[in-house]
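A look at the structure
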Amino acid sequence: MSKRQEQLIQLLLREPGWITAGSLADLLGVTPRSVRSYIAQINARAEPDPHAVESGPLGYRADRAALAALRSESARTSTRDRLHGLVHELMEARNGVDLRRTAERLYVSEATVEADLVRVRELISGTGVTVQRSGSRALLTGDELAQRRLVSKLAHDEMERGSFDGEGLRRAAGLGSLEAESFGPFKRALAAQLAEQGYYVNEFASTDVVLHVAIAADRVSHGHPLEGTHLEPSAQQQRLAGVIGALSSEHFGVSLGQGDLQHLASLVLTRVVASDGSAGTEVPLDAEVERAVIRAVGHAAEEYLVDIAHADFIRRLSLHVQNLVHRAREQAWSRNPLTKSLKATYPMIFQVAVSIASDIAEQLNVSIREDEIAYIAMHVGGRLERSRRAETALTATIVCPGYYELHDLLRSRLDESLGPGIEVTAVETRVDPDWSAMTTDLVLTTIEPPVPDERTVQLAPFVTEADMARIAAVASKRRRARRLTRLRGELERYLSPEAFIRPLRAKDEEDAIHQLSAPLIARGIIDEDYVRGTIERERLSSTAFTESLAVPHALSMTARRTALSIGIAEGSIRWGEGRIQVVALAAFSESERDAFQTIFEQLVEVLSERESLQRLLRRGTDFGRFLDELVAVVDG
């Protein structure tokens, strides 16, 4: 299966409903005709079920079970699978691999194997392993730790495709000596043992730990143990080494030596959190790390006006960053399968995390990858959730004439079912209340109002679960309307005809940034330093927050005033590893930084809705029409 077909399958599996050939073509950077050809080829491969991708008047829709099975089967014979197989062959061949014989064995041309070797060099970059050539022979060189790092990278590539099961990891990492069924029991037993000793490890980190232990067990079984160090292990390392050794022997049937156990115990300590400090599990916090986190969090809180500068948050994040620094120095990175969804769903939170990561990286002189930034974003999101609950609370008036204290029963039921999201600020028990004087976000009434509106919910005297569901639905619409009303005002303030480019013809993200910056530079809103800062921010972590939209911007808010420059491609533009259709370059000023949250997060929310985006692309042919359509979309 070709790379394009694999990308198409991923898009179809991600889409909950129908999607047009034109939309798929834009996302892939090909023509609709090519999309139809790919789908025909995919359905042909799906025999005896030729309808893995269903077609209809609305476009295409995936038969999820059939398409997922096809992708799983394809993974065994894909280019990536062949590439991983070549790497494992190189690792096991002490005297190197004859590429001609490899081509014969795989029934491919020598040119194909040579091309695969080029990809292998790209794949092993940064692992400490290199490929040496001598005629037709290729030899992989690097110490044992570097080679294990490479095996881990292969497995993580598989995890990015969603293969979290033991068989997927065993196959990707080439762990032929181990049983796939052992992975799950090992992970559960390890989590239980760590909990008994006062440690907590999240699900993604525990999968990573299991993978490293499995790699060690497999390498040791093939005669590749790690040598021990002369450093005296700490009491914590000794306890963890004992746990890992016993579990590896029980579940994988391999006895690990002291060198492996010491290394794995150190690795586990970079991925766990001491939950209560009992039994000597309390981890001392490095003062330099804590100072760096305090400065980074303080800067982000001030720059983005977010409520995160709290002692408990700083303590937890500092412990996480301390582990992160150890992982960075060991090049034992943690992968986060939620990175893409976090960026798309919570762009503001991810941006705050990028700011924190950038400051910490500079202060501590470490490199922080995007997956690690995603873990910081999860910390930030948890902290902000508390503050946002108060901000999103709606006020409500209860209108409930009746017998005895029916309104009190209604109020208590609201508190019980909907919690602090709705605050009752007024109660009317008259049969003829002044409806015009009710200014709350919601009006919850047991009598019929003279003129019902979008904030009114009529209820039975004794509310039912269906009533509660209707209240929740109306409340959700009101919250969204409140957010989008703010967005409408901000858009009219920050958009201009001069900074609207359609069609945007750019070869990549840097070219697009330069084109969209030009009108803002001409008006004196930003300068070349802001453009350079925007490109540097893009290199740190892609601002393509959805499959169709990118919002490039600098980390520093140095624009003279806040403004947006919009570019729309007629097809799509290559942006990092994907392709996008709309680019909204954001220039933010220090004096108007409160606009950042409104514009940045809610613009992404609106443009990430496929129907809204397609409407804008279809009707927003010039600036006036684009703004009209955008406001219409905002109004719902």
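Everything below is about the structure shown above.
Everything numeric in this text was worked out from a predicted model, so none of it was measured. (Residues numbered from 1 in each chain as written. Predicted model: local features only at pLDDT ≥ 70, side-chain atom pairs only at ≥ 80, totals over all residues. Heavy atoms only, no water.)

**Considering the overall build of the protein chain**
Of the regular secondary structure elements, the protein chain holds 25 helices and 15 strands. Here the protein chain holds 636 residues, and 51% of them are scored as buried. Partitioning the intrachain contacts of the protein chain with sequence separation of at least 6 by distance along the chain shows that 71% fall at a separation of at least 24. Here the protein chain displays about 29500 Å² of accessible surface, and carbon together with sulfur accounts for 50% of that area. (Helix = DSSP H or I, 4+ residues; strand = E, 2+ residues; numbered from the N terminus. Buried < 20%, exposed > 50% of the residue type's maximum accessible area, 1.4 Å probe, protein only. Contact = heavy atoms within 4.5 Å. Areas by Shrake-Rupley, 256 points an atom, 1.4 Å probe, with all protein chains shown as cover.)

**Points about the packing of helix α12 (residues 235–252) against helix α13 (residues 258–269)**
Running from N to C, α12 and α13 point in directions that differ by 110 degrees, and their axes come no closer than 8 Å. In terms of orientation, α12 lies roughly perpendicular with respect to α13. Here Q236, Q237, L240, A241, I244 and G245 of α12 come into contact with α13, specifically with L261, L264, A265, S266, V268 and L269. For the contact of α12 with α13, the residue count by class is eight nonpolar, four polar and no charged. (Axes fitted to C-alpha atoms, helices over the stretch in contact; angles between N-to-C directions. Parallel < 35°, antiparallel > 145°, perpendicular 65-115°, else oblique. Nonpolar A, V, L, I, M, F, W, Y, C, P; charged D, E, K, R; others polar.)

**Considering the packing of aromatic side chains**
Both the distance between ring centres and the angle between the ring planes are used here to describe each pair of aromatic rings. Applying the stated criterion to the full structure yields four aromatic pairs. On the numbers, 5.8 Å between centres and 65 degrees between planes, the contact of F183 with F252 is edge-to-face. With F183 in helix α10 (residues 183–196) and F252 in helix α12, this residue pair connects regions lying 69 residues apart in the sequence. Overall, F183 belongs to the buried group, its relative accessible area being 6%. With a relative accessible area of 9%, F252 lands in the buried category. (Phe/Tyr/Trp six-rings, centres within 6.5 Å; stacked < 30°, edge-to-face > 60°.)

**Some words on the sheet that holds strand β9 (residues 422–428)**
Taken together, the four strands give an open sheet; going across it, the order is β9-β8-β10-β11, and neighbouring strands pair in parallel fashion. The open sheet terminates on both sides in strands that have one partner only, identified here as β9 and β11 (456–458). Looking at each pair of strands side by side, their axes are set apart by 25 degrees on average, direction ignored. Bridge analysis of strand β10 (residues 442–445) against β11 gives three bridges, and the strand direction is parallel. When the sheet's bridge partners are listed, T445 is paired in β11 with Q458. (Pairing = 2+ DSSP bridges.)

**Looking at the environment of G298**
Tracing the sequence through the fold places G298 in helix α14 (residues 287–304). Residue G298 is classed as partly exposed on the basis of its relative accessible area, which comes to 30%. When the C-alpha atoms of G298 and I314 are compared, they prove to be 9.8 Å apart, with 16 residues separating the residues in sequence.

**Topic: the nonpolar core**
Soluble globular proteins tend to pack their nonpolar side chains together in the buried interior. Ranked by size, the top nonpolar core spans 89 residues in total, and within it I308, V352, I356 and V380 carry the most contacts. Looking at this core, the element that brings in the most residues is helix α17 (residues 347–364), giving eleven residues. Apart from residues lying up to four places away in sequence, I356 is in contact with A296, V297, A300, I308, L317, I376 and V380. A205, V210, L247 and L261 belong to the second-largest nonpolar core, a separate cluster that totals 30 residues. (Core = buried A, V, L, I, M, F, W, Y, C linked by side-chain atoms within 4.5 Å.)

**Points about α13**
The end-to-end C-alpha distance of α13 is 16 Å, a good match for the 16 Å that twelve residues give at a rise of 1.5 Å each. Every buried residue belonging to α13 is among G259, D260, L261, Q262, L264, A265, L267, V268 and L269, and all of these are buried. (Expected span 1.5 Å × (residues − 1).)

**Here's the deal with the packing of helix α15 (residues 311–330) against α17**
Contact geometry for α15 and α17: axes closest at 12 Å, N-to-C directions at 55 degrees. With respect to α17, the element α15 is oriented oblique. The way α15 lies across α17 gives a crossing that is right-handed. In contact with L317, V321, V325 and R329 of α15, α17 contributes I356, I360 and L364. Considering only residue class, the contact of α15 with α17 consists of six nonpolar, no polar and one charged. (Left-handed = near helix turned anticlockwise from the far one by under 90°.)

**Regarding α14**
Because an α-helix completes one turn every 3.6 residues, residues spaced three or four positions apart along the sequence face the same direction. Taking 1.5 Å of rise per residue, 18 residues should cover 26 Å, and α14 covers 26 Å from first to last C-alpha, within 8% of that figure. Within α14, the full set of buried residues consists of V289, A292, V293, A296, V297, A300, A301, E303 and Y304. For α14, the capping residue at the N-terminal end is D286, with a side-chain oxygen 2.8 Å from the backbone nitrogen of E288. The first or second residue beyond α14 is L305, which carries a positive phi of 55 degrees. (Polar contact = N/O pair within 3.5 Å; in protein donor to acceptor, adjacent residues only side chain to side chain.)

Read these as spatial facts, not as claims about activity.
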